Number of protein chains: 4
Amino acid sequence: MDKPYPPLYYTDYLQLDTLLNCQSRKSEEYGDPAHDEMLFIIVHQAYELWFKQILFELDSAIALLSKDPVREQDVGTCVSRLQRITEIQKILIDQLRVLETMTPLDFLDFRDYLFPASGFQSIQFRLLEIRLGLESDTRLRYNQAAYHSRVSPEHRDLLIENEQKRTMFGAIEHWLERTPFLEFGEYRFWDEYRVAVQSMLGRDREVIENNPTLSDDEKVQQVLELGQTEEHFGAIFDPDRHDALRKDGKLRLSHRATLAALFISLYRDQPILSMPYRLLAGLVDMDELLTTWRYRHALMVHRMIGTKIGTGGSSGYQYLKSTAESHRVFRDLTNLSTFLIPRHALPELPDALFRRLGFAHQADIA
Amino acid sequence: MDKPYPPLYYTDYLQLDTLLNCQSRKSEEYGDPAHDEMLFIIVHQAYELWFKQILFELDSAIALLSKDPVREQDVGTCVSRLQRITEIQKILIDQLRVLETMTPLDFLDFRDYLFPASGFQSIQFRLLEIRLGLESDTRLRYNQAAYHSRVSPEHRDLLIENEQKRTMFGAIEHWLERTPFLEFGEYRFWDEYRVAVQSMLGRDREVIENNPTLSDDEKVQQVLELGQTEEHFGAIFDPDRHDALRKDGKLRLSHRATLAALFISLYRDQPILSMPYRLLAGLVDMDELLTTWRYRHALMVHRMIGTKIGTGGSSGYQYLKSTAESHRVFRDLTNLSTFLIPRHALPELPDALFRRLGFAHQADIA
Amino acid sequence: MDKPYPPLYYTDYLQLDTLLNCQSRKSEEYGDPAHDEMLFIIVHQAYELWFKQILFELDSAIALLSKDPVREQDVGTCVSRLQRITEIQKILIDQLRVLETMTPLDFLDFRDYLFPASGFQSIQFRLLEIRLGLESDTRLRYNQAAYHSRVSPEHRDLLIENEQKRTMFGAIEHWLERTPFLEFGEYRFWDEYRVAVQSMLGRDREVIENNPTLSDDEKVQQVLELGQTEEHFGAIFDPDRHDALRKDGKLRLSHRATLAALFISLYRDQPILSMPYRLLAGLVDMDELLTTWRYRHALMVHRMIGTKIGTGGSSGYQYLKSTAESHRVFRDLTNLSTFLIPRHALPELPDALFRRLGFAHQADIA
Amino acid sequence: MDKPYPPLYYTDYLQLDTLLNCQSRKSEEYGDPAHDEMLFIIVHQAYELWFKQILFELDSAIALLSKDPVREQDVGTCVSRLQRITEIQKILIDQLRVLETMTPLDFLDFRDYLFPASGFQSIQFRLLEIRLGLESDTRLRYNQAAYHSRVSPEHRDLLIENEQKRTMFGAIEHWLERTPFLEFGEYRFWDEYRVAVQSMLGRDREVIENNPTLSDDEKVQQVLELGQTEEHFGAIFDPDRHDALRKDGKLRLSHRATLAALFISLYRDQPILSMPYRLLAGLVDMDELLTTWRYRHALMVHRMIGTKIGTGGSSGYQYLKSTAESHRVFRDLTNLSTFLIPRHALPELPDALFRRLGFAHQADIA
């Protein structure tokens, strides 16, 4: 602090005179004050504050990952930002318990006043989905209507505008595609990996066939499933099949990016891959927590209104529940586990590549 | 302590010499020690300890609720036991985070040694489901196999034997059916309630029809949904239709018990209904937390093994996810919210009944 | 909804256009934007939103407990409000983890701009302490200064004005003092209790004297401590000694109120005492969680600034840590455990009193 | 799985027939079964299982950090192990809420049977303290007795034997002391740092003197405190003063290790320091969570037994509370925040050193 800054007062800094005057109960306005409406307002406002923070972190991480090239220390920064987001998400989930201290009967004291307002209209939540990379045409439709059918025209424009921007999914995919280590001299990661996988799948088949606790029918069933797993692997080995699955909406991440993510996951013990691995794990954490939140939120709505229509006219909880699974942006990263092979079966890296993945300091010593 | 008890030593009391020697890594036995197998064992053992505690509380609550009549103070005791169970369930959910500190790659270091053991074989978890009241024939089948197809013969017998016992669902239903306050002199709860509901449903229909933000198609859709709600109400007003829905598996709780649960929910402010209401709410809490655990557990399995077959040969996470919704024992209690009506629309109780629902001390004063 | 209400929009209802524009980073204003200042602002705003909600619940509970007489169903309502407060408090504690994703080095990027603003200036937190019943003259002084020495004159007036109002401590004490069941006909609770206690203390002394694992010195020490316990009991049996201890600041709750709280704790299984017991337990929960928050907050401050002076000029964490213990408002309720006696030693209630503590419905049957 | 392993059964793998038969209630043995004793046993057993896991992780991390030199990828492994420990610690803290579902009155139903067993006798907890690096002679004494005065002779031997082993504190100190980057060519970290600090302290003094909200007395007080901060800095600049403070027990970490920890904290954005920084932060996390657990545990004991003597003869909660603060092993790492300087005031690293802290891959490109 080289020059003196004017003294600051806590209340002014946080704009509390404004912030703490944004809670106005409709039930009170209509002359019939319902105690629990205050909680309802404040819980939702707390959610919106946190959504703002998550968007702030997300935007910053997307920007860092959109540089070309991405600076190595920025990968660490992105990991920290994702960890912050996941800490916030835990709060988001736990806040549902606070809302559930309102009983369904208490909700009825003011529910009619809120019509047709609905959490479906949370612009920040929609932005959050968009910024992560949820695509408009893969969204579940609610009552045949587009997700932004019930927001104001200016909000609709804002959402559509944001759909044009680079998303976290896009940034990560692009960053993965540029990973330089898949080819190095004569080394081709995918060739080494394919050999290792084929030997592993052969072992898995033996495991099933020699399992004395399985009936013949069960064996048939499981060999069938193993066949499906081989299908997936097939796509990993064959860029064309991979692209076909992408067109069908069964995969989303590009073939190159998928290979890179796999390489990082398998060789994460190498210093230069350590943070990239934590970045991918952070995305899966975030995805899992968002999915958990969606599911828990659906349970809360179910409990609160049963099978009735929601305040915004939604039958609600069944729709919400199905988004938990269908709106996962980073599913392909979670599914990477399908393609892992045990460390002991992992092909060794060529020595020169191995050294490049280490620290300059060590290389120097060596 | 009137007579002296022999002095007790912490280690002996908790049988730690035995308890802390139950962790034996298969990977170590096979000469290839995998660090993370210790975590895998201890997490599962912690789960089993908690399952034992939950079963202990559950058995005790079922016993108290199976007395005839149920003693009023025992209702409070059952509420406390359910609260204990729900506190434990929060731990069960959070423990998944501990398990997720094991990465999918680390799991592969010892996964093959465990074949075909599987969490499907947790007898205590099966008992827990049975004691709650999950019925064998409403269970989802996994690969066409009964839920107890993969446990030892003696465990299978134990499970089948337990299916004969009184469950929490059964005890609650029976207790609800005996609630004495639905009829009192000329008062019939359901008649009063029906009048109030019909007026409320009329209002809801108006809300939809006058909603300027809905298109005509949406209105048709929502009126359709309201029609479904009226169907449910129909069943509440008509014991025969209720029984038909039960036969179809769409409802489970008897008509009489459902009415009683509704009465308790609506008039919970009366002293004698205060604990019964908290008991019903506690069951919904427990059901919601179990559902949340099932879902989170499925996400963890997905993350750990992707779409591969599980250690017990299960394709796993899809099956686990679907049990979250389909294995809810107390769904009818959650759905009660559908039938609530706002306090201002609630029919008043006859004065003599009102007094009976209060404390003797007050009645005396009055 | 008998008349139509104007349709409501989510964004307007929650005043999000205002709420989400209250985050203005000083570091940005001074041309040196620090990423983490946004988190710093939003975490503190989330705290303030929750403080508002806690105050809202607290005010309502105090009002209900200040009626004369307190309505029995309102005791249940107060229990629910306390449970809501404690659920919020868990969020308050967990939010510290979110703040701790900001590292001490990142805090330095904007800390100087905030001078001399400080959490010490949170008016709502001060109000919360005051409404609970923390007395101005028992507060720890920070640097010899009164707790309101660093707030604006109008805030100071507001705090002093609120010190005049009925507090939760005052309301509870007054409510306890009016408990009608301590005397009933010839029955005097304290006489029965005293006999039971004296027999229990005799047993405790034996336990120490016959403990083979204690050295003679240890026995002397423990008998000394038992003597101190007897001192406390002495005060419970002797209103004058109790009042003397209150004057010394060692006790706070009046003798009559303490006896009533003890009666409720010991006979909580009686229906009419069930909610009052949960009310007392709820106060202890709240007190414990506030104490935990204070302590955790102090640890966070310690971590963030080490032993440096705080943004408001406070050396901070040592002071904060000591308030955890010294600012407990309901310590006397926690200490009640000292005076409990095992159920088997509990004097039986006279039959007529026993019946008065039950429900009218049962009395009627009997 | 190249050769077939014998099929494994879940119950056998987890040794559940043994594990689930280790719960034997004393109250039942003495013919007076107390329901809540089961919870008491199982909670403590769950703690002991987790303690075993924490010790397992701790031992492994100490071993990795005791190699010479420490392998870079092992630093990442240690970070992961600490993160696992901290996830477990969160469970340990939350489990207290489960135990608190037992009321003080319910505890009295079986408390006498347990005498003189006590949590003080948990060998694993003592080992945990020892392995972390808590030194015998800095422990608070309880009733003038050594911490191992109440355990069996063979346990005492085990504890004393373990006091001789390398601890986490020792391993970290030794690892820090070997950090090679403090001197590089003509560069001396401490010289650069000293200049930067002196300029910062000068600014802090100005901040106090020009603070219009402080009275003259307050300024005197704060300048005094600033003086104390300068004292600490003095020690950082002067190895002899540092050693003198260590002898007085005011500091514990060696001068060289402290400088290295500071270097890592200040330059953590450099790739090679990224994991070391996370390791130090992980130790502070663990220390903070252990401290929080100690404090919360003390609150729970207070609530359960008031000011009475504990089952092991301890007056308990006051002692427990004071260990929270006094038994912090990594306090010097937490206090490092005192010595941080803002990024903009951070001296730049010489170019050649900067490059050595990066990845080989980048160096190669450059």
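Draft legend 1. Quick peek at helix 8 (residues 153-162) of chain A. Among all positions in helix 8 of chain A, only H155(A), L159(A) and N162(A) are buried. Projected down its long axis, helix 8 of chain A carries its buried residues within an arc of 65°, all on one side. For helix 8 of chain A, the exposed residues set more than 90 degrees away from the buried face come down to P153(A), E154(A) and D157(A). For helix 8 of chain A, the elements touching its buried residues are helix 7 (123-132) of chain A together with helix 1 (10-13) of chain C.

Draft legend 2. Quick peek at unusual backbone geometry. Cis rather than trans, the peptide bond between D68(B) and P69(B) has omega equal to 0°. Along the chain, P69(B) turns up in the loop between helix 4 (37-65) and helix 5 (72-99). Along the chain, F115(C) connects to P116(C) via a cis peptide bond; the corresponding omega equals -5°. For Q15(C), which is not glycine, the phi torsion reads 50° and is therefore positive.

Draft legend 3. Representation of the relation of the copies chain C and chain A within the structure. Expressed as a screw transformation, the operator carrying chain C onto chain A has a rotation angle of 180° and an axial translation of 0.0 Å, and the superposed copies differ by an RMSD of 0.1 Å. The relationship between the two copies is best expressed as a two-fold rotation axis. When the interface residues of chain C are mapped onto chain A, 100% of them again fall at the interface, so both copies present the same face.

Draft legend 4. Geometry of the nonpolar core. In this structure, Y193(A), Y193(B), Y193(C) and Y193(D) are the most contacted members of the largest nonpolar core, which totals 500 residues. With residues near it in sequence (within four places) discarded, Y193(B) still touches F233(B), I236(B), F237(B), L262(B), L266(B), F339(B), I341(B) and P347(B).

Draft legend 5. Representation of the environment of Y30(C) within the structure. As for its placement among the helices and strands, Y30(C) is situated in the loop between helix 3 (26-29) and helix 4 (37-65). You can call Y30(C) partly exposed: its relative accessible area is 22%. Measuring from C-alpha to C-alpha, the distance between Y30(C) and Y113(C) comes to 8.4 Å, with 83 residues separating the pair along the chain. Residue contacts for Y30(C): discarding those within four places in its chain leaves Y5(A), P6(A) and Y113(C).

Draft legend 6. Focus on the side chain of S265(D). By secondary structure assignment, the location of S265(D) is in helix 13 (residues 255-266). Excluding anything up to four places from it in sequence, S265(D) contacts L105(C), Y277(D), L280(D), L336(D) and L340(D).

Draft legend 7. Here's a closer look at the interface of chain B and chain D. Taken together, the contacts link 69 residues of chain B with 69 residues of chain D. Linking chain B to chain D there are two salt bridges. Two residues, R84(B) and D36(D), come together in a salt bridge whose shortest N-O distance is 2.9 Å. Linking chain B with chain D are 32 residue pairs in polar contact (both at pLDDT 80 or more), by the criterion used here. Taken together, the elements giving at least two residues each to the side of chain B that touches chain D come down to helix 1 (10-13), helix 2 (16-19), helix 4, helix 5 and helix 7 (123-132) of chain B. At 18 residues, the largest contribution of residues to the side of chain B that touches chain D is made by helix 4 of chain B.

Draft legend 8. Highlighting the packing of helix 7 (residues 123-132) of chain C against helix 8 (residues 153-162) of chain C. Residue and element names in this part refer to chain C. Put simply, helix 7 and helix 8 touch, their axes get as near as 10 Å, and they point 15° apart. One element, helix 7, and the other, helix 8, form an angle in the roughly parallel class. Once helix 7 is placed against helix 8, the crossing between them reads as right-handed. Packed against helix 7, whose contacting residues are I123, R126, L127, I130 and R131, the element helix 8 presents H155, L158, L159 and N162 at the interface. Of the residues belonging to the contact of helix 7 with helix 8, the class tally is five nonpolar, two polar and two charged.

Draft legend 9. Examining the pattern of salt bridges more closely. Applying the stated criterion across every chain, the model contains 128 salt bridges over all chains. Taking the shortest distance from any N to any O, the salt bridge between E87(A) and K90(A) comes out at 3.1 Å. With E87(A) and K90(A) both in helix 5 (residues 72-99) and three residues apart, the pair spans about one turn of that helix. According to the relative accessible area criterion, K90(A) is buried, its value standing at 11%. For E183(C), the salt bridge identified is with R256(C), shortest N-O distance 3.1 Å. Remark: R256(C) occurs in helix 13 (residues 255-266) and E183(C) occurs in strand 1 (residues 183-184); sequence separation between them is 73 residues. Among the charged side chains, a salt-bridge network with shared partners connects E100(A), R296(A), R303(A), D285(B) and E288(B).

Draft legend 10. Region of the structure containing the interface of chain C and chain A. Listed per partner, the contact involves 69 residues of chain C and 69 residues of chain A. Of the roughly 6,600 Å² buried between chain C and chain A on both sides combined, carbon and sulfur atoms contribute 67%. For the side of chain C that touches chain A, the elements supplying multiple residues, two or more each, are helix 1, helix 2 (16-19), helix 4, helix 5 (72-99) and helix 7 of chain C. The element best represented in the side of chain C that touches chain A is helix 4 of chain C, accounting for 18 residues. Of the residues that constitute the side of chain C that touches chain A, the class distribution is 35 nonpolar, 20 polar and 14 charged.

Draft legend 11. Molecular detail of a negative patch on the surface. Taken together, the side chains of D12(A), D17(A), E154(C), D157(C) and E161(C) make up a negatively charged region of the molecular surface. Among the elements that take part in the negative patch, helix 8 of chain C stands out by supplying three residues, more than any other. Structurally, E161(C) can be placed in helix 8. The exposure class assigned to E161(C) is partly exposed, which follows from its relative accessible area of 48%.

Draft legend 12. How the structure looks around the confidence of the model for chain A. For chain A, the mean per-residue pLDDT works out to 90, and 95% of the residues sit at or above 70. With pTM at 0.94, the complex prediction returns an ipTM value of 0.93.

Draft legend 13. Highlighting the side chain of H35(C). Along the polypeptide, H35(C) turns up in the loop between helix 3 and helix 4. The class of H35(C) is buried, set by a relative accessible area of 16%. Those residues within four positions of H35(C) in sequence are excluded, and the remaining contacts are F56(A), E57(A), S60(A), R81(A), R84(A) and R25(C).

Draft legend 14. Broad picture of the packing of aromatic side chains. Across all of its chains, the model carries 72 aromatic pairs over all chains by this definition. For the ring pair F51(B) and F125(B), a centre distance of 5.6 Å and an interplane angle of 45° mean the geometry is tilted. In this pair, F51(B) sits in helix 4 while F125(B) sits in helix 7, placing the two residues 74 residues apart along the sequence. For the pair shown, F51(B) and F125(B) are each scored as buried. A network of ring pairs unites the aromatic residues F189(A), Y193(A), F233(A), F237(A), F263(A), Y267(A) and F339(A) as a single cluster. Lying over the aromatic face of F169(B), R252(B) brings its terminal NZ or CZ to 4.0 Å of the ring centre. The lysine or arginine in question, R268(B), covers the ring of Y277(B), its NZ or CZ lying 5.0 Å from the ring centre.

Draft legend 15. Just helix 10 (residues 189-209) of chain D, in detail. Residue and element names in this part refer to chain D. Between its terminal C-alpha atoms helix 10 stretches 31 Å, which fits the 30 Å expected from 21 residues at 1.5 Å a residue. Turning to helix 10, its buried residues number three or more, namely F189, Y193, A196, V197, M200, L201, R203, D204, V207 and I208. Looking down the long axis of helix 10, one finds its buried residues gathered within 165° of arc, a one-sided arrangement. For helix 10, the secondary structure elements touched by its buried residues are strand 2 (187-188), helix 11 (216-237) and helix 13.

The rules behind these values
Residues numbered from 1 in each chain as written. Chains lettered and ligands numbered in written order. Predicted model: local features only at pLDDT ≥ 70, side-chain atom pairs only at ≥ 80, totals over all residues. Heavy atoms only, no water. Buried < 20%, exposed > 50% of the residue type's maximum accessible area, 1.4 Å probe, protein only. Helix = DSSP H or I, 4+ residues; strand = E, 2+ residues; numbered from the N terminus. Arc of directions from axis to C-beta. Contact = heavy atoms within 4.5 Å. Least-squares fit on C-alpha atoms with pLDDT ≥ 70 in both. Core = buried A, V, L, I, M, F, W, Y, C linked by side-chain atoms within 4.5 Å. Salt bridge = Lys/Arg side-chain N within 4 Å of Asp/Glu carboxyl O. Polar contact = N/O pair within 3.5 Å; in protein donor to acceptor, adjacent residues only side chain to side chain. Axes fitted to C-alpha atoms, helices over the stretch in contact; angles between N-to-C directions. Parallel < 35°, antiparallel > 145°, perpendicular 65-115°, else oblique. Left-handed = near helix turned anticlockwise from the far one by under 90°. Nonpolar A, V, L, I, M, F, W, Y, C, P; charged D, E, K, R; others polar. Buried area = accessible area lost by both parts, 1.4 Å probe. Patch = residues over 30% accessible without salt bridge, like charges linked within 9 Å, V, L, I, M, F, W, Y side chains within 5 Å. Areas by Shrake-Rupley, 256 points an atom, 1.4 Å probe, with all protein chains shown as cover. Lys, Arg positive; Asp, Glu negative; His and termini not counted. Charge placed at Lys NZ, Arg CZ, Asp CG, Glu CD. pLDDT = per-residue confidence, 0-100. Phe/Tyr/Trp six-rings, centres within 6.5 Å; stacked < 30°, edge-to-face > 60°. Lys NZ or Arg CZ within 6 Å of the ring centre and 35° of its normal. Expected span 1.5 Å × (residues − 1).

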